[in-house]
Amino acid sequence: MNILYLLPALAASLAFYLACAHQRFVPGVIAKKRPLRAFAWLCTLLSVALAYAQLGVWGGVFAALTALMTGLVALPYLDAWWHARQEKRHVG
């Protein structure tokens with residue numbers, strides 16, 4: 001049960017990324033930035049609280065924020081990979 005805080009942290013990073021103007025996963029969601037960001041902040045606080053309960057004060061805070069940042073770093077690369085894979089490219 002030590003990884004229970006990872007799910008809200010990854011959900012928060014996904015919500016923050018979907019609220020970004022540069023994302024291409026779901027273009028229609030950009031108009032709903034405020035609810036996405038509110039959900040992301042709630043998930044971040046939930047992740048920190050769960051990690052705090054499991055790992056202690058500083059260990060929990062840093063573990064939860066590290067999981068959040070890992071998602072925030074990985075999602076743009078996943079987005080670029082997904083759209084490069086979907087494109088029809090002809091070389092020659």
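Look up a bit, the structure's there.
So, here's what we can say about the structure.

Calculation rules
- Residues numbered from 1 in each chain as written.
- Predicted model: local features only at pLDDT ≥ 70, side-chain atom pairs only at ≥ 80, totals over all residues.
- Heavy atoms only, no water.
- Helix = DSSP H or I, 4+ residues; strand = E, 2+ residues; numbered from the N terminus.
- Rg over C-alpha atoms; globule rule 2.2 N^0.38 Å.
- Contact = heavy atoms within 4.5 Å.
- Areas by Shrake-Rupley, 256 points an atom, 1.4 Å probe, with all protein chains shown as cover.
- Expected span 1.5 Å × (residues − 1).
- Buried < 20%, exposed > 50% of the residue type's maximum accessible area, 1.4 Å probe, protein only.
- Core = buried A, V, L, I, M, F, W, Y, C linked by side-chain atoms within 4.5 Å.
- Polar contact = N/O pair within 3.5 Å; in protein donor to acceptor, adjacent residues only side chain to side chain.
- Disulfide = S-S within 2.5 Å.

A short note on the overall build of the protein
Moving on, step 1. A count of helices and strands for the protein gives three helices and zero strands.
Moving on, step 2. Ordered by position from the N terminus, the helices and strands of the protein form the series α-α-α.
Moving on, step 3. Over its C-alpha trace the protein gives a radius of gyration of 16 Å, far above what one expects of a compact globule, namely 12 Å for 92 residues.
Moving on, step 4. If you line up the protein on its principal axes, its C-alpha atoms span 60 × 30 × 20 Å.
Moving on, step 5. For the protein, the share of sequence-separated contacts (at least 6 apart) that also reach a separation of at least 24 residues comes to 69%.
Moving on, step 6. In the form shown here, the protein has an accessible surface area of approximately 6500 Å², with 71% of it arising from carbon and sulfur atoms.

Considering helix α2 (residues 33-55)
For an α-helix, the turn length of 3.6 residues means that residues three or four places apart are oriented alike.
Moving on, step 1. The terminal C-alpha atoms of α2 lie 32 Å apart, and with 23 residues this matches the ideal 33 Å at 1.5 Å per residue to within 8%.
Moving on, step 2. Listing the buried residues of α2 in full gives Leu36, Ala40, Cys43, Thr44, Ser47 and Ala51.
Moving on, step 3. Its buried side turned inward, α2 meets α1 (6-18) and α3 (57-86).
Moving on, step 4. In the segment just after α2, glycine 56 is the residue with positive phi, at about 100°.

Re the nonpolar core
Moving on, step 1. Core analysis: the biggest nonpolar cluster contains six residues, these being Ala15, Leu18, Ala19, Val29, Leu36 and Ala40.
Moving on, step 2. Listed by contribution, the elements that provide at least two residues to this core are α1 and α2.
Moving on, step 3. Those residues in contact with leucine 18 that lie beyond four places of it in its chain are Gln23, Phe25, Val26, Val29, Ile30 and Leu36.

Here we look at the side chain of serine 47
Moving on, step 1. Examined against the element boundaries, serine 47 turns out to sit in helix α2.
Moving on, step 2. Within the structure, the side chain of serine 47 is placed 2.9 Å from the backbone oxygen of tyrosine 5, a separation counted as a polar contact.

Side note on the state of the cysteines
Each disulfide consists of a covalent bond between the sulfur atoms of two cysteine residues.
Moving on, step 1. Counted by the stated rule, this structure contains zero disulfides.
Moving on, step 2. The thiol sulfur of cysteine 20 is not disulfide-bonded, and the nearest other cysteine sulfur, from cysteine 43, lies at 18 Å.
Moving on, step 3. Overall, the relative accessible area of 26% leaves cysteine 20 in the partly exposed class.
Moving on, step 4. With a relative accessible area of 9%, cysteine 43 lands in the buried category.

These figures come from the coordinates and say nothing about function on their own.
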